[in-house]
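Reading the structure
Read off the chains here:
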Amino acid sequence: MRIDLHVHSTASDGTLTPTQVIEHAAAQGVDVVGLTDHDSPAGWAEGVEAARDLDVMLVPGMEVSTKLGRAGVHVLAYLPDPAFPPLAAELDRIIAGREGRLGAIVEQLRSVGVDITVDDVRRQAAGSPAIGRPHVADVLVAKGVVSDRAEAFRGWLGYGQPGFVVRYATQTDAMVRLIVGAGGAAVIAHPWGRGSRRVLDVDTLAALRDAGLTGIEVDHQDHSPDDRQRLRLIADDLGLVATGASDFHGAGKVDHELGCNLTSPDQFERLLGLAAVNAASSGLRVAEVVGR
Ligand code: AMP
Ligand code: ZN
Ligand code: FE
Ligand code: FE
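As a starting point, this report considers the structure included with it. (Residues numbered from 1 in each chain as written. Chains lettered and ligands numbered in written order. Predicted model: local features only at pLDDT ≥ 70, side-chain atom pairs only at ≥ 80, totals over all residues. Heavy atoms only, no water.)

**Examining the overall build of the protein chain**
Along the backbone of the protein chain there are ten helices and eight strands. For the protein chain, the C-alpha atoms occupy an extent of roughly 55 × 45 × 40 Å along the three principal directions. A buried classification covers 54% of the 292 residues belonging to the protein chain. The contacts in the protein chain between residues at least 6 apart in sequence include a share of 72% that link residues at least 24 apart. (Helix = DSSP H or I, 4+ residues; strand = E, 2+ residues; numbered from the N terminus. Buried < 20%, exposed > 50% of the residue type's maximum accessible area, 1.4 Å probe, protein only. Contact = heavy atoms within 4.5 Å.)

Now the structure itself:
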């Protein structure tokens, strides 16, 4: 069983539609896909249909933007009820923050002479509710300002660059509680990636576990072999599930090919079991795994 639990589509900043993601999984021999677009379940309905048609197992999820101190921490929410009002309200706030930031990014870029409009970015995002910097980057590529997303982040959109603007994110511990309240399982994405490694030490992870955290993403391209070994030991010590995933974004992110990191079947079963416990105590109608 090849299990990849962190995958993006055009419902956020991936370049393949949910259907194309599932087709790609079938072609690549990936049996289980966690569809985890940023801050929104918008891709689920299409993904569910494609997964049924193509006999791929689908785990509906999201990658939610949170902050711990001033560091950005991404929290994967598996199988919640996205309509649970406190969670839905918070997701709305995050999406509104993306909208507000978009205007500010465009203004800052224009002020340094880049010919770009909000409408350019909206067209590029093609209806994705989670408009992000990668969509701005794609416009910069289309205009010949840069040659790819990575160059756009390095020179224009990353921290300290002319187009960088802070946006709203929920406190990490509060979001973990919201995901659990919504009947889902919370897993920290790429905990020792650039944004979050300085804030996510063992004690902090232990506190998040006490707030209801289910797991941490251990095998991810942001982590060196040494990071992975240490994170696996921490997961073991804290009783957290250890996942692995590609963080696939289609053509939008190099070196993140679907299936490049995987979750072991035993960790996957633990994750589903713990999600089911949260679902039962929430009393909500949570999202279901397709094809199990
Ligand atoms: P945003 O959510 O709009 O703040 O943008 C962050 C997103 O940009 C994340 O999903 C990353 O996957 C993506 N990203 C960050 N750095 C890069 C990069 N160098 N190349 C491509 N995508 C990136
Ligand atoms: Zn992304
Ligand atoms: Fe992320
Ligand atoms: Fe991601």
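Continuing now.
**Notes on the site of ligand 1**
Around ligand 1 there are 14 residues in total, and His38, Arg101, Arg133, Arg167 and Lys253 lie nearest to it. The contact in question runs from an oxygen atom of ligand 1 to an N or O atom on the backbone of Arg133, over 2.7 Å. When contributions to the shell around ligand 1 are tallied by element, the ones reaching two or more residues are α3 (85-111), α5 (133-142) and α6 (149-157). At three residues, the largest contribution of residues to the shell around ligand 1 is made by α6. Of the residues assigned to the shell around ligand 1, the class counts are three nonpolar, four polar and seven charged. (Near = heavy atom within 4 Å. Polar contact = N/O pair within 3.5 Å; in protein donor to acceptor, adjacent residues only side chain to side chain. Nonpolar A, V, L, I, M, F, W, Y, C, P; charged D, E, K, R; others polar.)

**What about the coordination of the iron ion (ligand 3)?**
Surrounding the iron ion (ligand 3) are the protein donor atoms Glu63 (OE), His74 (ND1) and His190 (NE2), at 2.1 to 2.2 Å. Separating the iron ion (ligand 3) from the zinc ion (ligand 2) is a distance of 5.9 Å. Separated by eleven residues along the polypeptide, Glu63 in strand β3 (residues 57-68) and His74 in strand β4 (residues 71-78) bring together distant segments of the chain. Among the residues examined, Glu63 registers a relative accessible area of 1% and is labelled buried. (Donors = N, O, S within 2.8 Å, 3.2 Å for Na, K, Ca; no water.)

**What to know about the nonpolar core**
Among the nonpolar cores identified, the biggest contains 52 residues, and Ile188 and Ile216 are the most heavily contacted of them. Sorting elements by how many residues they give to this core places β4 first, with six residues. In this structure, Ile216 is in contact with Val187, Ile188, Pro191, Leu205, Leu231, Ala235, Leu240, Val241, Ala242 and Thr243, ignoring residues within four places of it in sequence. One finds Ile105, Val114, Val139 and Ala152 within the second-largest nonpolar core, a separate group that totals 17 residues. (Core = buried A, V, L, I, M, F, W, Y, C linked by side-chain atoms within 4.5 Å.)

**With respect to the pattern of salt bridges**
Applying the stated rule across the entire model yields 15 salt bridges. For Asp120, the salt bridge goes to Arg123, with nearest N and O atoms at 3.1 Å. Taken together, the residues Asp120 and Arg123, both in helix α4 (residues 118-125) and three residues apart, mark about one turn of the helix. By relative accessible area, Asp120 is classed as buried at 17%. (Salt bridge = Lys/Arg side-chain N within 4 Å of Asp/Glu carboxyl O.)

**A short note on the side chain of His220**
Locating His220 in the fold gives a position in the loop between β7 (215-219) and α9 (225-238). Leave out the neighbours within four places in its chain, and His220 touches His6, His190, Arg228, Ala245, Asp247, His256 and Asn261.

**Notes on the packing of aromatic side chains**
In the structure shown here, the tally under the stated rule is one aromatic pair. Where Tyr159 meets Phe164, the ring centres are 5.2 Å apart and the plane angle is 75°; that geometry is what we call edge-to-face. Overall, the relative accessible area of 72% leaves Tyr159 in the exposed class. You can call Phe164 partly exposed: its relative accessible area is 23%. (Phe/Tyr/Trp six-rings, centres within 6.5 Å; stacked < 30°, edge-to-face > 60°.)

**Focus: the side chain of Asp120**
Among the polar contacts made by the side chain of Asp120, one reaches the side chain of Arg123 at a distance of 3.1 Å. Excluding anything up to four places from it in sequence, Asp120 contacts Asp115, Val139 and Lys143.

**A short note on the packing of α5 against α6**
A pair of packed helices is characterised by two quantities: the angle between their axes and the separation of those axes. Across the interface, α5 lies against α6 with an axial gap of 9 Å and an inter-helix angle of 100°. One way to sum up the angle between α5 and α6 is to call them roughly perpendicular. For the pair α5 and α6, the contacting residues are Arg133, Pro134, Val136, Ala137, Asp138, Leu140 and Val141 in the first and Arg149, Ala152, Phe153, Trp156 and Leu157 in the second. When grouped by side-chain class, the residues that make up the contact of α5 with α6 number nine nonpolar, no polar and three charged. (Axes fitted to C-alpha atoms, helices over the stretch in contact; angles between N-to-C directions. Parallel < 35°, antiparallel > 145°, perpendicular 65-115°, else oblique.)

**Things to note about α4**
For α4, every residue scored as buried is listed here: Asp120, Val121 and Ala125. The buried side chains of α4 occupy one side of the element, clustering within an arc of 130° when seen end-on. Those residues of α4 hidden inside the fold are in contact with α3 and α5. Two residues or fewer past α4, Ala126 is found with a positive phi of approximately 45°. (Arc of directions from axis to C-beta.)

**As for the pairing of β3**
Judged by how many residues are buried, β3 sits mostly within the fold: ten of twelve residues are covered. When strand β2 (residues 32-38) meets β3, the two strands line up parallel, connected through seven bridges. When the sheet's bridge partners are listed, Gly34 is paired in β3 with Val59. Pairing between β3 and β4: eight bridges, direction antiparallel. Pairing of Leu68 across the sheet is with Ala71, part of β4. Pairing between β3 and strand β5 (residues 170-171): two bridges, direction parallel. Across the sheet, the residue bridging to Lys67 is Gln171, located in β5. (Pairing = 2+ DSSP bridges.)

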